[in-house]
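Working through the structure, step by step
Take a look at the letters that make up each chain.
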Amino acid sequence: MSEVISPAVLKRWIRSELRRRREAAKKDQKDAAKRLECAPSRISHLESGRNLPDRATVETLFGFYGCPEAIEPFWSRVKQADSGKQVDIASDIDPGRFDLYAGLEEGATEKHGADLMALNGLVQVRGYSEPLLRFYDPDASDEEIERRLHLRHLRGSALTRQDNPLRLWLVISQHLLLDNVGGPAVMRDQLEHLLELSDLPNVDIQVLSPENDDDDDETLRNPLRSKLPRLALLGGHRAVHGPFAILKFPIPEDPGLVYIDTAVKGIFFEELDEIQRYEKIMNNLRAAALSQAKSRRLIDNLRKDIM
């Protein structure tokens, strides 16, 4: 396997593949444990990603599942995951879940997201991030806030790294561009930063705006938009339950995942039908939003209007 894949992405794929192979063979965890002569908890730990399997375990399980031809390619990825070092990107509040997400984001090839409550952490400037972090955790020390700001900046560097920069496609609700997070000077810097990012070939930014109404020319030019019912264009995006992110990875057989960040914990959706449902929502949001060119003009005009 010639491509470079982050340990977090590999470990996620390994545990998912173990479960997929078992279910395809119509075996349950007790069946697999009996074949390995171990406790069912060991199978659970392997399929949850808590532990990596050894060579003997892979050979036994894949033979039991009727897929011995998959042993070698699978084992090569286990070795690669075991030899890599995880990138140290800590969370804001929920270390276990968000650290996992941040590691997966670092190793993703694509991220598609809907910014409906706050701008995505990957595109925030420091002055925008700081008041959000302080409001979210008012008891955090200045040192802790500084650490989180630094780590958020590291996440954003995925967009400009030289090797395989992250492909980002964001749909942003216009009200976020009119907010006063950090004050006028910060918002001006934030809008300028969005314009700079949208110049990158790997970044697409679209804005959900009331200016979409009665824009027949845009509908004709946008094949996604032309398929969306007219009523859905008129504020229908408010039916979306909240912000989300879709990640895609450099493993062809990996369908990716959907991540939702809540005040309590991060939630992952990894079943194919769940991912496809959010991909459909994302396509509808793209169709309802302004084109990238019109989004840039709107962001620039709002930037100029800030006193």
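Going by the structure above, here's the rest.
Residues numbered from 1 in each chain as written. Predicted model: local features only at pLDDT ≥ 70, side-chain atom pairs only at ≥ 80, totals over all residues. Heavy atoms only, no water.

**Considering the packing of helix α2 (residues 29-36) against helix α4 (residues 55-64)**
What counts is decided by this rule: Only the stretch in contact is used when fitting a helix axis, every axis being a line fitted to C-alpha atoms; angles between N-to-C directions are given from 0 to 180 degrees. Each helix is a run of H or I in the DSSP string that is no shorter than four residues. Each strand is a run of E no shorter than two, and both are numbered from the N terminus. By definition in this entry, angles of less than 35 degrees are roughly parallel, angles greater than 145 are roughly antiparallel, angles of 65 to 115 are roughly perpendicular, and the rest are oblique. Put simply, a crossing is left-handed when the front helix is turned counterclockwise from the back one by less than a right angle, and right-handed when it is turned clockwise. Here a residue-residue contact requires only that any non-hydrogen atoms of the pair lie within 4.5 Å. Classification convention: Asp, Glu, Lys, Arg as charged; Ala, Val, Leu, Ile, Met, Phe, Trp, Tyr, Cys, Pro as nonpolar; all other residues, Gly among them, as polar.
Interaxial distance between α2 and α4 falls to 10 Å at its minimum, and their mutual angle equals 125°. One finds that α2 runs oblique with respect to α4. For the pair α2 and α4, the crossing hand works out as right-handed. Here Asp31, Ala32, Arg35 and Leu36 of α2 lie close against α4, whose contacting residues are Thr57, Thr60, Leu61 and Phe64. Of the residues that constitute the contact of α2 with α4, the class distribution is four nonpolar, two polar and two charged.

**Re the pairing of strand β5 (residues 257-261)**
Regular strands place side chains that alternate from one sheet face to the opposite one. Put simply, the test is: Categorising residues by exposure relies on relative accessible area from a 1.4 Å probe, with only protein chains included: less than 20% of the type maximum marks a residue as buried, more than 50% marks it as exposed, and the intermediate range marks it as partly exposed. A pair of strands counts as paired when DSSP detects no fewer than two bridges linking them.
Where burial is concerned, most of β5 is hidden: four out of the five residues are buried. The pairing of β5 with strand β6 (residues 266-269) spans four bridges and is classified as antiparallel. Counterpart to Tyr259 in the pairing with β6 is Phe268.

**Description of the pairing of strand β3 (residues 203-208)**
The buried fraction of β3 is high, at six of six residues. Side chains of β3 alternate between two faces, with Val203, Ile205 and Val207 and Asp204, Gln206 and Leu208 buried alike. Two strands pair when backbone bridges link them, and strand β2 (residues 167-173) and β3 are joined in this way by six bridges, in the parallel orientation. Across the sheet, the residue bridging to Trp169 is Asp204, located in β3.

**Re the nonpolar core**
Threshold: By nonpolar core we mean a set of buried residues, namely Ala, Val, Leu, Ile, Met, Phe, Trp, Tyr and Cys, connected to one another through side-chain atoms within 4.5 Å.
Phe62, Val123 and Leu194 are the most contacted members of the largest nonpolar core, which totals 61 residues. Once residues within four sequence positions are removed from consideration, Phe62 is found in contact with Leu18, Arg21, Cys67, Pro68, Ala70, Ile71 and Phe74. Counting residues in hydrophobic clusters, the runner-up holds 14 residues, among them Ile246, Val258, Tyr278 and Ala288.

**Description of helix α5 (residues 71-83)**
Applicable threshold: Given a helix with a known number of residues, its expected span is that number minus one, times 1.5 Å. Taken from the helix axis, the directions to the C-beta atoms give the arc we talk about.
Over its 13 residues, α5 runs 18 Å from end to end, which matches the ideal 18 Å to within 8%, given 1.5 Å per residue. Among the residues making up α5, those that are buried are Ile71, Phe74, Trp75, Arg77, Val78 and Ala81. The buried residues of α5 all sit within an arc of 160° when viewed along its axis, so they share a single face. For α5, the elements touching its buried residues are α1 (7-24) and α4.

Everything listed is a geometric property; what it means functionally is a separate question.
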